[in-house]
Structure formats: C-alpha cells, structure tokens
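Understanding the architecture of this molecule
Take a look at the letters that make up each chain.
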Amino acid sequence: RLAKFRHAPDRFFADSRHPVLRAIVAVLAPPIMRSEWALGVLEDPLDTLADSANPLVQSIAKRVTQRRAHEREHLLRSENHPKVSVIMAALNAAPTIAEALDSLSAQSYRALEIIVVDDGSDDATKEIVRAKMKNDPRITLIEGGPKEGAAIARNRGLRASQGAFLTFQDSDDISHPERIERQLAALIANDARVVVCNSMRETADGQRVIVNGRRFAKNFIAMLFPRDPVFNRIGYMRQLVVGEDSEYYERLRASFGPTREVHLFQTLYRARFAPDSLLFSHGATEVDV
C-alpha cells in the first residue's frame, strides 16, 4: 500500500474501495502532485530532506545520511571492496554516452570496471569512449562488427568481466552517484542474490516522463548481483525483441526466490525516454510539467 501511494498518490485514493478515501483524492492528491518537494519525500525521503530549506530538518537528515554512508563504507571495507563490473551496450550512442560514462566514473564506490561493448556503431561512439578511457583507466572498450543486438552485446561484456559482482547500465542513462555503493552494501548486508532500485524516465532536456501513471518504477537493467552463485547458475541473457533485462531478472527470481531480493525504494537511475521505443508502444506516457 505504501509503495502504491508513493508511485502515484492520486491513483492510490481514486482506486480505493472506501468512499471516504476516494473523496480525499479531490483534496489531498492535487497539492501533493503539484509539490515537487512532497513528491520528492515520497520518492526518496532522506535525499529530499537533506536539501530542505529548514536548517533543523536538513541537519537531522544529513546526520542520518552520513551515518548510513559510514555504515556502508565500514561494511564494504570489511569485504575488501570487491570489484563490480558494469556492462554497457552501445549502438550509435554518441549524443549520450559521455554523460552516461561520467555518471559511472563519478560513483562513490571506486572498485569498478566499466566495460563498453560497441554493437556496430557508425557514429562517434567509439571515439568518445576512447577519449574517456584516457581519463579513467577503469573503462574498457570491446569493439563489435555488424549490429547483433543489446543482449548479445551485454553477453560479450559478461564474458569479458572479472568483477565478483555484476550490473548493467544503458548508454543513454545516468546513475545516481551512490547507486552502486548503496546496492552493493544492501546486497552484502542482506545476503541477497539481487538488488534493484527505482528509476525515472526523462526526456532529452531533463523533463520527467510519467509512464502508465507512475513517476518512477522498479528498474531491472540496474540490477546488481554476485557472479557466484547467480551468474554461474543463470548464465547469459536471451536475445529477445524487447525486455531481455526483465526476463533475466525473472529467471533470477525463479531460481532463488523473492526472499533473496532487496528492492531499494530509491530513485538511483535516470533512464532516457525514447517515444518510438517498442517498450512504450502500448503504454500511456506524459511529460510531468
């Protein structure tokens, strides 16, 4: 119920079986949906409160945030900061891949290898990646031939990876600076087999896109999981028309059960909205203004 309310406060009340709650939507939901601060508190309370204009609220939120960051660092240090491999498939991503790679280079968790697999780009994608490699030796480029598809490209990256933990990012998306740190700490602390976070969709100019009535959604491409036992048991992605990442996630859940999953209800991933994508061909979308 809380998750549903946080996803779409207006729909939460409108869908209620209780007439009193349905009536509340006319009073409560509109100001919530118009308030960026209120929506931010529903979406990621600590991050929003840490930016509060109220000095007392800001101070308390920052102290909690700092304590949690210290706890994560202590946990990851005790595990000797295991390497995380980030796999990025890229096809003609010249307009977006620099920003996508910058968001990975800026991660608070530093023990990364960032593997870009080019899927036959004929624009400046490879040149941009090579330029980024000069400033960040953790970035490597695997060059491809003719286009084979995202699943095959990601599988090539998985084969080349050496990290004890694995995750993905698309070449037009942006990761929160603490995404990998928060996911990895949550996975280790809970002895989980996969950690997912929330993501939001946004246009090229940064406007949020509401998809099927939701401002954010559980994200599958950003799932983080251990090589052993998950990857050694689940294997590679299947080549599908759309949804290879969600199919992989469902196989993982089927193998290990929903109790081995941690869902961080925090928006740690920003995904570019492509209106001509097959993913949105049957969905209702609107720009949040």
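So, here's what we can say about the structure. (Residues numbered from 1 in each chain as written. Predicted model: local features only at pLDDT ≥ 70, side-chain atom pairs only at ≥ 80, totals over all residues. Heavy atoms only, no water.)

What to know about helix 10 (residues 150-160)
Ala151, Ala153, Arg154, Asn155, Gly157 and Leu158 are the residues of helix 10 that are buried. On its buried face, helix 10 sits against strand 1 (84-90), strand 2 (112-118), strand 3 (139-142), strand 4 (165-168), helix 12 (227-234) and helix 13 (244-256). (Buried < 20%, exposed > 50% of the residue type's maximum accessible area, 1.4 Å probe, protein only. Helix = DSSP H or I, 4+ residues; strand = E, 2+ residues; numbered from the N terminus. Contact = heavy atoms within 4.5 Å.)

What to know about the nonpolar core
One finds Val116, Met223 and Phe225 to be the most contacted residues of the largest nonpolar core, which totals 57 residues. For Val116, the contacting residues outside a window of four places in its chain are Met88, Ala90, Ile97, Leu101, Val129, Ile139, Thr140, Leu141 and Ile142. (Core = buried A, V, L, I, M, F, W, Y, C linked by side-chain atoms within 4.5 Å.)

Let's talk about the sheet that holds strand 2
Strands sit in the order 3-2-1-4-9 across an open sheet of 5 strands; the sheet is mixed. In this open sheet, the two edge strands, each paired with only one partner strand, are strand 3 and strand 9 (225-226). Bridge count between strand 1 and strand 4: 4 bridges; the pairing is parallel. Bridge assignment links Val86 to a residue of strand 4, and that residue is Thr167. (Pairing = 2+ DSSP bridges.)

Some remarks on the layout of surface pockets
In this structure, the second largest pocket occupies an estimated 370 Å³ of space. Considering the residues around the second largest pocket, the lining is formed by 20 residues, among which Glu43, Asp44, Met200, Arg208 and Thr267 are closest to the centre. Secondary-structure elements contributing two or more residues to the lining of the second largest pocket are helix 5 (36-43), helix 6 (45-50), strand 5 (174-175), strand 6 (194-202) and strand 10 (261-272). The residue makeup of the lining of the second largest pocket, split by class, is 6 nonpolar, 5 polar and 9 charged. (1 Å grid on protein atoms, 1.4 Å probe; cavity = no way out; pocket = protein on both sides within 12 Å on 5 of 7 lines; lining within 4 Å. Points joined across faces, edges and corners; volume = space filled by probe spheres on them. Nonpolar A, V, L, I, M, F, W, Y, C, P; charged D, E, K, R; others polar.)

Observations concerning the environment of Leu75
Its location among the elements puts Leu75 in helix 7 (residues 55-78). Residues Leu75 and Ala186, spaced 111 residues apart in sequence, show a C-alpha to C-alpha distance of 9.7 Å. With sequence-adjacent residues up to four places away left out, Leu75 is seen in contact with Ala185, Ile188 and Ala189.

Description of the side chain of Gln266
Note on placement: Gln266 falls in strand 10. Taking the relative accessible area as the measure of exposure, Gln266 reaches 19% and is therefore buried.

Observations concerning the packing of aromatic side chains
Per the stated rule, a full pass over the model turns up 5 aromatic pairs. Taken together, a centroid distance of 6.3 Å and an interplanar angle of 40° make the contact between Phe168 and Phe225 tilted. Highlighted residues: Phe168 in strand 4 and Phe225 in strand 9, separated in sequence by 57 residues. On the accessibility criterion, Phe168 (0% relative accessible area) is buried. Phe225 sits in the buried class, given a relative accessible area of 0%. (Phe/Tyr/Trp six-rings, centres within 6.5 Å; stacked < 30°, edge-to-face > 60°.)

Here we look at the environment of Glu71
Checked against the element boundaries, Glu71 lands in helix 7. Residues Glu71 and Ala185, 114 residues apart in the sequence, show an inter-C-alpha distance of 8.9 Å.

Re the pattern of salt bridges
Under the defined criterion, the tally for this structure stands at 19 salt bridges. Here Glu202 ties to Arg270 by a salt bridge, and the two come within 2.9 Å at their closest N and O atoms. Here Glu202 is found in strand 6, whereas its partner Arg270 is found in strand 10, with 68 residues between them in sequence. Counted as one network, the salt bridges with shared partners bring together Asp47, Arg72, Glu178, Glu181 and Arg182. (Salt bridge = Lys/Arg side-chain N within 4 Å of Asp/Glu carboxyl O.)

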